[in-house]
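Examination of the molecular architecture
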Amino acid sequence: MSPALMCPCSSRSPWRRKKNCLLVAIPVMAIIAFMQMIEVDQVYSPLHPLSDAKSEAKRLLNIMTHYNYQCNMSLQVGNASIWPICMDKVVALNLDEKHKNILYTIGSVSDYSLERSLAANYSFSTYLVSLSDVSGQVHGISNMHVIRSAIVANDPADFSRNTYHQRTLNDLLAAQGHSHIDLLRIMSTGRNVEMWQLLYFLIKDDLVTKAYQLHLSVYIDKLDDEYLYNWYRTLYQLFTRSGMYLYHTSSHDPLCLQVTLMESCVYFLSFVRNPGPKVSILYPPADYGTEEQEDLRLFDYLDSPQVSCKQRTIGETEEKSLQFTSSAPKTKTVWQICSRESDGRAVRQPCSIVRFRLNREETIEEDFVRNNCIVYTAILSDRRNQEKILHLYNRSPTYNKKNYKIMSFDDVFHFLGTLGSISLIEVDVPDNEWFVLGEILNSGILQNITQLVAGILMEDKTSGVHPLVLRSHYSQLKRIELYGLGLFYSRHDWRCEKLNKKDLNGMNVGVWCYRVGYVRLQDL
């Protein structure tokens, strides 16, 4: 074959051949670079369409069957055992007859036993909103109000949304003068309104946050990838934006709760409103909830701090008077903290530091004492019955005795609550960090702090860690943000090289160590 046949531009001038080759090569190189960037920079994103309906169905089933909140006490009302009412103290409805409870049921249902029981026995003002006449099913029961109307989405593009026997829930609540709903039950929709669309606009308008508990009947009538993704996106935003936590799921057919989502399935979902950061929760699974996906979400979070310290960060610098580290020779700086002080001090005065550790590190204590800080060091220990206790040391510019007090976690947090504002909490308790972080989160003490720094250990995904463990770690870190703190610093810890962690079988497992720093957002 002649050279002229091998290259279509070989018969042209050398300049034109070079020009044409460049025009072809540049787009090809750009495409290759883009593909490499996608492969290397793999970032987790919770809201992304999947490739097909089967994948979407699997992900949707995961978010509908993995609970966010564990309800320890529930009330079964009437014959509707599929609709428990959570009665935990932090989320319970007030069933006192003197309290004016409000119940809305959107859409007609075949059984109003729950509504009849709450109206008759607990004095709930009950509003049944349905286009069909359901008054015959609740005849003779006081506190019952039947409203003949269909509830439609508050879509600005729908100019007829409040006409012709239909209205939005926004309009209905305004007409009734209700600013809150104790129990909102969305059972069905009318007039060709998709329930996910109705719920989507209720979330967008922040109407769902007016309800203390939510019952949702989800009817999956088709296996279409876009339809299933819309449901997944809406339920995910119900958690993240409206703060509604799933605590119970059932179905009319047990097969619908199995691995594969079935067409024509009805799911009964029960939610409670966010009880606050002191209560332990679990975030929705990462996609299918596999170990690889949970691992990707967790490490993507750690590798992508959400906020930046607008002023100088202290630590890992050459400024010995400011760095938060031991000043002893040959030691490496292991923390960063956010400094906002123009006078060169590491933290704002008055300054109080709380340290949770496995042993004392007095050099760092001296650094803080020189900055006019009071330092409380809590040394974690075990009693013979494996109860976790703390040895609490107190050190300040005017007090430097070696004695300590033996205290429980509850006693320590009660004492710390009397301090008022706390400048910094340090957590450095390898192999116990998730336990200690959990105790700190549950105590509510983070609402009084300015910064939190912690060292955390996580098993490598190659060690076969259970996905629920990774989901729990991610949820604990996200709970810190509920206290108004933002992750500004995260870095792999060099000391991991010296750690050997063993599993239950005594085998060495890979461990990732991170140093993380959180700062109060309003102080940035």
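Before reading further, recall that the structure is shown in the block above.
Presented here is a report on the structure given in the accompanying data block. (Residues numbered from 1 in each chain as written. Predicted model: local features only at pLDDT ≥ 70, side-chain atom pairs only at ≥ 80, totals over all residues. Heavy atoms only, no water.)

**Brief notes about the overall build of the chain**
Each helix and strand counted, the chain has 12 helices and 23 strands in total. Across the chain, contacts joining residues at least 24 apart in sequence account for 65% of those joining residues at least 6 apart. Total accessible area on the chain stands at roughly 26100 Å², and carbon and sulfur atoms take up 52% of it. (Helix = DSSP H or I, 4+ residues; strand = E, 2+ residues; numbered from the N terminus. Contact = heavy atoms within 4.5 Å. Areas by Shrake-Rupley, 256 points an atom, 1.4 Å probe, with all protein chains shown as cover.)

**Some thoughts on the side chain of E56**
Locating E56 in the fold gives a position in helix α3 (residues 53-65). By relative accessible area, which is 1% here, E56 ends up buried. (Buried < 20%, exposed > 50% of the residue type's maximum accessible area, 1.4 Å probe, protein only.)

**Re the pairing of strand β18 (residues 422-428)**
With seven of seven residues buried, β18 lies mostly within the body of the structure. The pairing of strand β14 (residues 351-357) with β18 spans five bridges and is parallel. Counted as the bridge partner of V354 is I425 from β18. In this sheet, strand β19 (residues 449-459) lies alongside β18 in parallel orientation, the contact comprising five bridges. Paired with I422 across the bridge in β19 is I449. (Pairing = 2+ DSSP bridges.)

**Quick look at the sheet that holds strand β11 (residues 265-273)**
Strand order in the open sheet formed by seven strands is β5-β4-β3-β8-β9-β11-β10, with mixed pairing between adjacent strands. Two strands close off the open sheet at either side, each with one partner strand: β5 (144-148) and β10 (244-251). For this sheet, the mean angle separating the axes of adjacent strands, direction not counted, is 15 degrees. Packing against the sheet, α3 makes contact with β9 (211-220), β10 and β11, and its axis sits at approximately 105 degrees to β10. (Axes fitted to C-alpha atoms, helices over the stretch in contact; angles between N-to-C directions.)

**Some points on unusual backbone geometry**
At N143, a position not held by glycine, the phi torsion is positive, near 70 degrees. With a phi angle near 75 degrees, D431 is a residue other than glycine that sits in the positive phi range.

**Describing the side chain of S475**
Along the chain, S475 falls in helix α12 (residues 467-481). In contact with S475, other than residues within four places in its own chain, are I281, L282 and Y283.

**Section: the state of the cysteines**
Under the criterion given, the structure shown has three disulfides. Sulfur-sulfur distance for the disulfide between C71 and C86 comes to 2.2 Å. Of note, the bridge from C71 to C86 carries an S-S torsion of about 110 degrees and is right-handed in sense. Separated by 15 residues along the polypeptide, C71 in the loop between α3 and β1 (74-75) and C86 in strand β2 (residues 85-86) bring together distant segments of the chain. Here C351 connects covalently by a disulfide to C373, the sulfurs 1.9 Å from one another. Because the torsion about its S-S bond is 95 degrees, the bridge between C351 and C373 counts as right-handed. With C351 in strand β14 and C373 in strand β15 (residues 373-382), this residue pair connects regions lying 22 residues apart in the sequence. (Disulfide = S-S within 2.5 Å.)

**Concerning the pairing of β9**
Counted residue by residue, β9 has eight buried out of 10 residues, so it is predominantly covered. Pairing analysis gives five bridges linking strand β8 (residues 181-186) to β9, with the strands arranged parallel. Across the sheet, residue L184 finds its bridge partner in β9, namely L214. Here β9 runs beside β11; their pairing, made up of eight bridges, is antiparallel. Following the sheet pairing, S217 is matched in β11 by F268.

**With respect to the pattern of salt bridges**
Under the defined criterion, the tally for this structure stands at 14 salt bridges. The closest approach of N and O atoms between R167 and D171, which form a salt bridge, is 3.0 Å. With its nearest N and O atoms 2.9 Å apart, the salt bridge here joins R297 to E294. Of the two residues, R297 and E294 both sit in helix α8 (residues 291-302), three residues apart, roughly one turn of that helix. (Salt bridge = Lys/Arg side-chain N within 4 Å of Asp/Glu carboxyl O.)

**A word on the packing of helix α6 (residues 195-204) against helix α7 (residues 225-240)**
Describing two packed helices takes the angle between their axes plus the distance from one axis to the other. Two elements in contact, α6 and α7, have axes whose closest approach is 9 Å; the angle formed by their N-to-C orientations is 30 degrees. On the basis of the axis angle, α6 is roughly parallel to α7. Crossing of α6 against α7: the hand is left-handed. Packed against α6, whose contacting residues are M195, W196, L199, Y200 and I203, the element α7 presents Y227, N230, W231, R233, T234, L235, Q237 and L238 at the interface. Split into classes, the residues belonging to the contact of α6 with α7 amount to nine nonpolar, three polar and one charged. (Parallel < 35°, antiparallel > 145°, perpendicular 65-115°, else oblique. Left-handed = near helix turned anticlockwise from the far one by under 90°. Nonpolar A, V, L, I, M, F, W, Y, C, P; charged D, E, K, R; others polar.)

**Overview of a negative patch on the surface**
On the surface, a cluster of negative charge is made up of D52, D224, D225 and E226. Structurally, the position occupied by E226 is in helix α7. (Patch = residues over 30% accessible without salt bridge, like charges linked within 9 Å, V, L, I, M, F, W, Y side chains within 5 Å. Lys, Arg positive; Asp, Glu negative; His and termini not counted. Charge placed at Lys NZ, Arg CZ, Asp CG, Glu CD.)

**Some remarks on the packing of aromatic side chains**
Enumeration according to the criterion identifies 15 aromatic pairs in this entry. A centroid spacing of 5.5 Å and a plane angle of 85 degrees characterise the contact between F409 and F435, whose relative ring orientation is edge-to-face. In this pair, F409 is assigned in helix α10 (residues 409-417) and F435 in helix α11 (residues 433-443), connecting sequence segments 26 residues apart. With a relative accessible area of 5%, F409 lands in the buried category. On the accessibility criterion, F435 (34% relative accessible area) is partly exposed. (Phe/Tyr/Trp six-rings, centres within 6.5 Å; stacked < 30°, edge-to-face > 60°.)

**Describing the nonpolar core**
Residues F356 and I425 are the most contacted members of the largest nonpolar core, which totals 53 residues. I425 has contacts with V354, F356, I440, I445, L446, I449, Q451, L452 and V453, leaving out every residue within four places of it along the chain. Counting 47 residues, the second largest nonpolar core, distinct from the first, contains M64, V152, I181 and L216. (Core = buried A, V, L, I, M, F, W, Y, C linked by side-chain atoms within 4.5 Å.)

Purely spatial values, then, with no claim about function.
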